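Take a look at the letters that make up each chain.
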Protein chains: 2
Amino acid sequence: MDATAVKQCFLELQQTIVVRLAAADGRAFRRDEWTRPQGGGGITQLIEEGGVFERAGVNFSHVHGASLPPSASAARPELAGCSFQALGVSLVLHPRNPYIPTVHMNVRCLVAEKPGASPVWWFGGGMDLTPYYPFAEDARHFHRACRDALEPFGADCYSRYKKWCDDYFYLKHRAEPRGVGGIFFDDLNEPDFATCFALVQRVGERFLPAYVPILERRQRMVYGERERAFQAYRRGRYVEFNLVYDRGTLFGLQSGGRTESILMSLPPRVEWRYDWKPEPGSPEEKLYTDFLVPKNWAD
Amino acid sequence: MDATAVKQCFLELQQTIVVRLAAADGRAFRRDEWTRPQGGGGITQLIEEGGVFERAGVNFSHVHGASLPPSASAARPELAGCSFQALGVSLVLHPRNPYIPTVHMNVRCLVAEKPGASPVWWFGGGMDLTPYYPFAEDARHFHRACRDALEPFGADCYSRYKKWCDDYFYLKHRAEPRGVGGIFFDDLNEPDFATCFALVQRVGERFLPAYVPILERRQRMVYGERERAFQAYRRGRYVEFNLVYDRGTLFGLQSGGRTESILMSLPPRVEWRYDWKPEPGSPEEKLYTDFLVPKNWAD
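From a predicted model like this one, the values you see are computed outputs, not experimental measurements.

Turning our eyes to something else, we now look at the overall build of chain A. Looking only at helices and strands, chain A has 10 helices and 10 strands in total. Relative to the 2.2 N^0.38 estimate, which gives 19 Å for 299 residues, the radius of gyration of chain A is 19 Å and therefore close to what a compact globule would have. The buried share of chain A, taken over its 299 residues, is 59%. If you take every contact in chain A between residues at least 6 apart in sequence, the share linking residues at least 24 apart comes to 70%. When the accessible area of chain A is evaluated, it comes to approximately 11,800 Å², of which 53% is carbon and sulfur surface. Looking at charge distribution, chain A has the averaged site of its 37 positive side-chain charges lying 2 Å from that of its 37 negative ones.

Bringing the interface of chain A and chain B into the picture now. On the side of chain B, 29 residues touch chain A, which itself brings 29 residues to the contact. Of the roughly 2,700 Å² buried between chain A and chain B, counting both surfaces, carbon and sulfur atoms make up 55%. A per-residue breakdown of the area chain A buries against chain B is headed by E260, W272 and Y274 of chain A, which together make up 32% of the total. There are 15 residue pairs in polar contact (both at pLDDT 80 or more) connecting chain A and chain B. Elements supplying a minimum of two residues to the side of chain A that touches chain B: strand 1 (30–35), strand 2 (40–48), helix 7 (225–244), helix 9 (259–262) and strand 10 (269–271) of chain A.

Screw-axis analysis of chain A against chain B gives a translation of 0.0 Å along the axis, an RMSD of 0.0 Å, and a rotation angle of 180°. As the rotation angle and translation indicate, the two copies are arranged about a two-fold axis. Looking at the rotation axis and the C-alpha trace of chain A, the residue lying nearest is V270 of chain A, at 2.6 Å.

All names here are of chain A. Position of V92 relative to the elements: it lies in strand 4 (residues 83–95). Residue V92 is classed as buried on the basis of its relative accessible area of 5%. Each C-alpha atom, one on V92 and one on M264, is 7.7 Å from the other, the two residues being 172 residues apart in sequence. Sequence-distant contacts of V92, that is, excluding residues within four places in its chain, are made with R55, A56, G57, T102, V103, H104, Y238 and S265.

Looking now at the packing of helix 3 (residues 136–150) of chain A against helix 5 (residues 193–205) of chain A. The axes of two packed helices give the description: the angle between them and the distance between them. Residue and element names in this part refer to chain A. Contact pair helix 3 / helix 5: the axes reach a minimum separation of 9 Å and the direction vectors enclose 150°. Put simply, helix 3 runs roughly antiparallel to helix 5. Crossing of helix 3 over helix 5 shows right-handed handedness. Packed against helix 3, whose contacting residues are D148, A149 and L150, the element helix 5 presents L199, R202 and V203 at the interface. When its residues are assigned to classes, the contact of helix 3 with helix 5 shows 4 nonpolar, no polar and 2 charged.

Moving on: the side chain of N59 of chain A. Residues and elements named next belong to chain A. Checked against the element boundaries, N59 lands in strand 3 (residues 53–65). For N59, a relative accessible area of 12% puts it in the buried group. Polar side-chain contacts of N59 include one of 2.8 Å to the backbone oxygen of S261. Once you skip the residues sitting within four places of it in the chain, N59 turns out to touch Q14, I43, T44, G88, V89, S90, S261 and M264.

Let's shift gears to the packing of aromatic side chains. In total, this model carries 44 aromatic pairs over all chains according to the counting rule given. Taking 5.9 Å as the distance between ring centres and 80° as the angle between the ring planes, the aromatic pair formed by F84 of chain B and F251 of chain B counts as edge-to-face. Of this pair, F84 of chain B sits in strand 4 (residues 83–95) while F251 of chain B is found in helix 8 (residues 247–254), placing the two residues 167 residues apart along the sequence. When the ring of Y161 of chain B is compared with that of W164 of chain B, the centres are 6.2 Å apart and the planes differ by 65°; the resulting orientation is edge-to-face. Taken as a pair, Y161 of chain B and W164 of chain B lie in helix 4 (residues 157–168) at a separation of 3 residues, close to a single helical turn. The partly exposed category is assigned to W164 of chain B, whose relative accessible area is 31%. These aromatic residues form a ring-pair network of at least three members: Y161, W164, Y168, F169, F184, F185, F241 and Y245 of chain A. One cation-aromatic arrangement involves R218 of chain B over F135 of chain B; the distance from NZ or CZ to the ring centre is 3.7 Å.

Enumeration over the complete set of coordinates arrives at 58 salt bridges over all chains. Ionic pairing is found between R217 of chain B and D138 of chain B, a salt bridge with its closest N-O pair at 2.9 Å. Pair noted here: R217 of chain B is in helix 6 (residues 207–218) and D138 of chain B is in helix 3 (residues 136–150), with a separation of 79 residues, a long-range link. When its relative accessible area of 32% is taken as the criterion, R217 of chain B is described as partly exposed. Of the residues examined, D138 of chain B reaches a relative accessible area of 3% and is grouped as buried. Residues joined in a network through salt bridges with shared partners are E49, E54, R96, R228, R235 and R269 of chain A together with E271 of chain B.

What follows concerns the sheet that holds strand 1 of chain A. Within a beta sheet, neighbouring strands are joined by backbone hydrogen bonds and run either parallel or antiparallel to one another. Residues and elements named next belong to chain A. Spatially, 7 strands are ordered 1-2-3-4-5-6-9 in an open sheet, and the strand pairing comes out antiparallel. Taken across any chain shown, the strands that pair with only one partner, and hence form the sheet edges, are strand 1 and strand 9 (181–188). Geometrically, the sheet is characterised by an average inter-axis angle of 5° between neighbouring strands, direction not taken into account. Across 9 bridges, the pairing between strand 2 and strand 3 is antiparallel. Its bridge partner lying in strand 3, L46 is registered against G57.

A few words now on the side chain of K162 of chain B. Residues and elements named next belong to chain B. With respect to the element layout, K162 can be found in helix 4. Its relative accessible area of 7% is what places K162 among the buried residues. Polar contacts involving the side chain of K162 include one to the side chain of D166, which spans 2.9 Å. With residues up to four places along the chain from it excluded, the contact list for K162 reads H143, G182, I183, K295 and N296.

Residue and element names in this part refer to chain B. Viewed as axis vectors pointing N to C, helix 5 (residues 193–205) and helix 6 meet at an angle of 20°, and their least axial separation amounts to 4 Å. Regarding the angle of helix 5 to helix 6, the classification is roughly parallel. Mapping the contact onto sequence places V203, G204 and E205 in helix 5 and F207, L208 and P209 in helix 6. Here the residues of the contact of helix 5 with helix 6 sort into 4 nonpolar, 1 polar and 1 charged.

A few words on the nonpolar core. If you look at soluble globular proteins, the nonpolar side chains tend to sit buried side by side. Counting residues in hydrophobic clusters, the biggest one holds 68 residues, and the most contacted among them are F10, I17, L93, F123, M127 and F207 of chain B. F10 of chain B has contacts with F60, L87, G88, V89, V107, R108, C109 and V200 of chain B, leaving out every residue within four places of it along the chain. If you look at the next biggest cluster of nonpolar residues, it comprises 67 residues, including V52, F123, A139 and Y158 of chain A.

Quick notes on the rules
- Residues numbered from 1 in each chain as written.
- Chains lettered and ligands numbered in written order.
- Predicted model: local features only at pLDDT ≥ 70, side-chain atom pairs only at ≥ 80, totals over all residues.
- Heavy atoms only, no water.
- Helix = DSSP H or I, 4+ residues; strand = E, 2+ residues; numbered from the N terminus.
- Rg over C-alpha atoms; globule rule 2.2 N^0.38 Å.
- Buried < 20%, exposed > 50% of the residue type's maximum accessible area, 1.4 Å probe, protein only.
- Contact = heavy atoms within 4.5 Å.
- Areas by Shrake-Rupley, 256 points an atom, 1.4 Å probe, with all protein chains shown as cover.
- Lys, Arg positive; Asp, Glu negative; His and termini not counted.
- Charge placed at Lys NZ, Arg CZ, Asp CG, Glu CD.
- Buried area = accessible area lost by both parts, 1.4 Å probe.
- Polar contact = N/O pair within 3.5 Å; in protein donor to acceptor, adjacent residues only side chain to side chain.
- Least-squares fit on C-alpha atoms with pLDDT ≥ 70 in both.
- Axes fitted to C-alpha atoms, helices over the stretch in contact; angles between N-to-C directions.
- Parallel < 35°, antiparallel > 145°, perpendicular 65-115°, else oblique.
- Left-handed = near helix turned anticlockwise from the far one by under 90°.
- Nonpolar A, V, L, I, M, F, W, Y, C, P; charged D, E, K, R; others polar.
- Phe/Tyr/Trp six-rings, centres within 6.5 Å; stacked < 30°, edge-to-face > 60°.
- Lys NZ or Arg CZ within 6 Å of the ring centre and 35° of its normal.
- Salt bridge = Lys/Arg side-chain N within 4 Å of Asp/Glu carboxyl O.
- Pairing = 2+ DSSP bridges.
- Core = buried A, V, L, I, M, F, W, Y, C linked by side-chain atoms within 4.5 Å.

Below, the structure is given as structure tokens:
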């Protein structure tokens, strides 16, 4: 278990992603280094009102503390009260053009320790795609890139993590998935550290090839008020998911994380409308009927 | 304990409020009656894109179920698993003009029952004010109306419920109160049913005189893009509070409530901006320095 190597790898991943996204956007990322009073810190990089991204946040953080927050120890009561360190890269991109999907990617490593016991470590991560005006071609491309990323780690790895993603990014109060999914995994600590680290590393590396081609395909599509309004409405679901359900957000807020970095995942402009439903036969309805349903996109 | 009388009273309260607010707005409320598959139902009344209110929702609900949701039994483990009924009126008004504050009011009655034991009942409720461009005169008026509402129920009632409100409507992750407060109470079941019911009834009745004069004072004030942008930004705090902390919202979502009615409390248009701070000496800064701090507004 080598947290230094993980840190180095995550810092490089953040930088690689930021450089490529800045080139796509035409604007540089703002860069904020911060420290956390209770221990550790991070580097927040973001674009607001960019050429392509209305808001794009790419966070690196390495925090430590005397006691694992409840959101992290809920499934592992034996770790309650352990000291911990958490390392991660987390990004959410909110493009302005409603034809470009929102995307989220995260890789993380947690280490919990208590006196007289060997450290417990685990990895988690994943990426998922949230389109507004969706294209089957994009969903397929994204899922195939996810499958390729996991290919060296077992024949059923992608299908398990794809299902985990569908289960995790689900808004129970709406009976609706957040988007077309992708992959999600947590509590990964088998067969050994090196293999788990390699998996997470590969997921991180495959983010850009999974997303950038979609962005490039859609960024010149013409949109108007109608598409922006539907995007703003659908972004409301993103807010609902992140604030009501998301473990990473709750972990961050509970562990005294840096609020501005944690909530950078929230969309820049959002609208709520009462009991709104898409018109039958409209492109907006297609999102619900053809995309917000479980599908094997990679096939 | 007479749930029928409470229901009658709450239905009348909803109607009185809706009639007065419709007159203020110049538009009628839309009215949706709904039933809940697991038992009970409600009446949702709202205005969207009205003359004064960008969104105004006034809900009545009477729901029952086989098992009290965790958000309601957390503080009363002896009631876990009890069947329950919950009656309430809940409103949130989001005016368009940023000089008119957002306001929330709620009265509720819960009854929990299990075989072989007498029913346990309690009341809760309150109202609180969330200004964007605040006026001390408005905060004072609102708090004095709250104090008057509670005046027959003991000399220290207002000050206890005022503090409870300050404690409850607090965003820990921002270290910031939601607004200038008001009153909040829960688990009210002493000295007897009649007194508690009378208190809740009076709180409900005093909502209109607490809020409408503020609305009337501010509704013709001229505002522009700057004020709307700050309002949209501050509304983000309202979303954060309601989705991360609010007991009523969690109760509703956990008990299989009607999502569209529960989330009607969310503002219609919201913006998040990274690490935004008001300019020193600006009217926006005044909100933080002079109003988002604990004060004895009624004095």
